[in-house]
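# Summary of the model geometry
Chain by chain, the residues run as shown.
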Amino acid sequence: MADQKTLAEPGGDAPYRRMTRPMEGRLLGGVAQGLATQLSLDPIVIRLMFVLLSVVVDGVGVVAYAVLWMITPKQPYEGQPPQRDWSQLAAFTAIGVALFAFGWLTGASKGGIGMLPFAVGGIGALILWQQADPERRKSWVSGASRTMRKNRVRTLLGVVLVVVGAAGFLVMQGELAQARPGLLFTAVVVGGLAVIAAPWLAGLWKELQLERRERIRQEERAEVAAMVHDSVLHTLTLIQRVAHDPREVTRLARSQERELRNWLYQPAQDADATIAAGVRRVAAEEEDAHGVPIEVVCVGDLAFDPGGRLAAMLKAARQAMVNAAKYSESPSISVYAEVEGEEVTIFVKDRGKGFDLDAVPADRMGIRESIIGRMERHGGTARMRTEPGEGTEVMLTMKVENE
Amino acid sequence: MTRVLIVDDHRLFRSGVRAELGDSIEVVGEAEDVESAVRAIAEHQPDVVLLDVHMPGGGGQEVLRRVLGSGSQVRFLALSVSDAAEDVIGVIRGGARGYVTKNISGKELTDAIRRVAEGDAVFSPRLAGFVLDAFASSEAPSIDPELDSLTQREREVLRLIARGYAYKEIAKELFISVKTVETHVSSVLRKLQLSNRHELSRWATARRLV
């Protein structure tokens, strides 16, 4: 009981609020506004209701308005009463006139009391519309208009087809004149049903969307968890076990870093779909195999041709990386691949000890055969720049037909 | 003595950098988020701010916007684990004078800080690659030819940076002085920051490569 009392208290001094006619925002006598406040509805709904009742059911609305005006006290207002909003009043009058004209043209207004269902249906629809919370109402309107706009042509075509089809059918049967009142009622009923069902359908739809989003989120979370578990935790364990070997620790950390980066930033792509992807893959493999960091920078890109010139070039580049990793004693290797017009260039550079190119024995297959020979056989060139103590740079160039 | 402020949200990383920097550099303070960074920069007025790209409260770009927006002349060197094009291009266009990745060695970092303190620009090989790529895709007509394209020389310098050459090696290769190399890189930085080509940002977002 105490709870109810505390709940009731802020409501005001009287347990039942008496209806009054406010001066502020009134259009005619403030009846609609007062009624709206009393029923916590939008005044527009009440006004439309009065207009509807007046036009459709032989002026009932006017009479009701007059009676309410007489029995409802004016709300006390100090000073000059504010001006009425004439433009809004004009709008409601226009709606009334339009409704009357519509009824007169269709012959519906002759029905008198018979038109009551029409009015009741209309008022019901208005109240339901008002009951839906404003945000959802707005989203309906905007959503509907958006879909309408998107499929404007199709919607219009559909409506025209249906109307023409129905009219044609009725004309053929010679029953168009009799069908008119029936059609009107059908329209009202369908409209009413739509308004009644709409909030429920919208709620259902919203729930479905929410559920779908939640499911996607959960799948993503599961994927992240799998990634962290399978690779990151695994690598951390391995690192602890080989903590005495700095080279191995670096190799593990690098390989894990690369994997994570790929997962985070790289669009899922076929490993060897392009030359840049191919260079990155080869560099990653050699980095893993030899434990020397290989930094790759790629500019431009080109579709890869397995078994063709680019494949040969990639093999030569791999050999250059292997040489640098194995023999140069450089702390890191830089690889730069560039596609410019019809030319692909790959540079492999280290800062290691370098060597004397002329002193390399003729039977050293690595450089002569795997790099220079291979490039030349496929119509490319390989140049090498090295000096003892200055590091080594291998430059591979290949022309390709860019279609 | 170059006075440096380190802004990074990882305490371990801040102390690591502090330990690695050479004797020619004095660390005057540290900050761990956007708010404390803006405050510390105003208080210490460092020569160079080492700025992390990803931080709580808006990240490095927010610090750049607030500090440089207030008319400060402090110089920024961005430092990040991320090599994503949108991050790199984002902080450079936000006003940073260089971009290096966190796996840079202590000596290289000291060098980069000195260079930024002297008003030059610092490009990592990857940043050079990004710039070459971004300025190469020139399908749309440029609005300002001076700002929207690189000169032949600038292109050569950037290509050498991308190939892993140090400034000194570039100077030797092109028969120019180190100072001239620095001038070319600064000029590229200016173009990168001022060019209106909307392609640049679009390119960076479209290309989410490492």
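Residues numbered from 1 in each chain as written. Chains lettered and ligands numbered in written order. Predicted model: local features only at pLDDT ≥ 70, side-chain atom pairs only at ≥ 80, totals over all residues.

## With respect to the overall build of chain B
Looking only at helices and strands, chain B features 11 helices and six strands. Contacts in chain B between residues far apart in sequence, at least 24 positions, make up 65% of those at least 6 positions apart. (Helix = DSSP H or I, 4+ residues; strand = E, 2+ residues; numbered from the N terminus. Contact = placed C-beta atoms within 7 Å.)

## Details of helix H5 (residues 106-117) of chain B
Residues and elements named next belong to chain B. Relative to the 16 Å expected for 12 residues at 1.5 Å per residue, H5 spans 16 Å between its end C-alpha atoms, a close match to the ideal helical length. Within the span of H5, buried status applies to Leu109, Ala112, Ile113, Arg115 and Val116. Buried residues in H5, looked at end-on, bunch into an arc of 165°, giving them a common side. Once H5 ends, the next one or two residues include Gly119, with phi positive near 95°. (Expected span 1.5 Å × (residues − 1). Buried ≥ 20, exposed ≤ 12 C-beta atoms within 10 Å, placed from the backbone. Arc of directions from axis to C-beta.)

## What about the UniProt feature "transmembrane region" (unreviewed entry) in chain A?
In the numbering used here, UniProt assigns the feature "transmembrane region" (unreviewed entry) to residues 44-68, 89-107, 113-132, 153-171 and 183-205 of chain A. As annotated, residues 183-205 of chain A comprises 100% helix and 0% strand, and the C-alpha atoms at either end are separated by 31 Å. (UniProt positions renumbered as here; feature names shortened; annotations may be inferred.)

## Details of helix H8 (residues 152-162) of chain B
If you check which residues of H8 of chain B are buried, you get Val157, Leu158, Arg159, Leu160, Ile161 and Ala162 of chain B. Looking at the buried residues of H8 of chain B, the elements they touch are strand E1 (294-299) and strand E2 (333-340) of chain A together with strand E6 (122-123), helix H6 (125-136), helix H9 (167-174) and helix H10 (178-194) of chain B. Gly164 of chain B sits one or two positions beyond H8 of chain B and adopts a positive phi of about 100°.

## Examining the pairing of E2 of chain A
All names here are of chain A. Counting buried residues along E2, seven of its eight residues qualify, which places the element largely inside the surrounding structure. As paired strands, E2 and strand E3 (residues 343-350) are joined by eight bridges and run antiparallel to one another. By the bridge assignment for E3, Glu338 is matched with Thr345. Between the end of E2 and the start of E3, which pair antiparallel, lie two residues, with Gly341 showing a positive phi angle near 60°. (Pairing = 2+ DSSP bridges.)

## Points about the packing of helix H2 (residues 34-44) of chain B against helix H3 (residues 59-69) of chain B
Residues and elements named next belong to chain B. At a minimum axis distance of 10 Å, the contact between H2 and H3 shows a crossing angle of 35°. Of the two elements, H2 crosses H3, and the hand of that crossing is right-handed. Of the residues in H3, those in contact with Val34, Ala37, Val38 and Ile41 of H2 are Glu62, Val63, Arg66 and Val67. Partitioning the contact of H2 with H3 into residue classes produces six nonpolar, no polar and two charged. (Axes fitted to C-alpha atoms, helices over the stretch in contact; angles between N-to-C directions. Left-handed = near helix turned anticlockwise from the far one by under 90°. Nonpolar A, V, L, I, M, F, W, Y, C, P; charged D, E, K, R; others polar.)

## Some points on unusual backbone geometry
What you tend to see is this: most non-glycine residues have negative phi, and most peptide bonds are trans. The phi torsion at Glu329 of chain A lies on the positive side, around 65°, for a residue other than glycine. Topologically, Glu329 of chain A is positioned in the loop between helix H12 (309-327) and E2. With phi around 45°, Gln45 of chain B is a residue other than glycine that occupies positive phi space. Tracing the sequence through the fold places Gln45 of chain B in the loop between H2 and strand E3 (48-52).

## Let's talk about the sheet that holds E1 of chain A
Strand order in the open sheet made by the five strands is E1-E2-E3-E5-E4 (chain A), with mixed pairing throughout. The sheet is open, and its two borders are formed by E1 and strand E4 (381-387) of chain A, each paired with just one other strand. For this sheet the average axis-to-axis angle between neighbouring strands, irrespective of direction, equals 10°. Note that E3 of chain A and strand E5 (residues 391-399) of chain A share eight bridges and pair antiparallel. Bridged to Val348 of chain A within E5 of chain A is Val394 of chain A. Of the strands in this sheet, E1, E2, E3, E4 and E5 of chain A touch H12 of chain A, which is tilted by about 10° from E3 of chain A. The sheet contacts of H6 of chain B involve E1 and E2 of chain A, and relative to E1 of chain A the element is tilted by about 10°.

## Considering the UniProt feature "modified residue: 4-aspartylphosphate" (unreviewed entry) in chain B
Residue and element names in this part refer to chain B. When the UniProt feature table is mapped onto this chain, "modified residue: 4-aspartylphosphate" (unreviewed entry) is found at Asp52. Locating Asp52 in the fold gives a position in strand E3. What makes Asp52 buried here is the crowd of 26 C-beta atoms within 10 Å. Residues contacting Asp52, with those up to four places away along its chain left out, are Val7, Asp8, Asp9, Gly60, Leu79 and Ser80.

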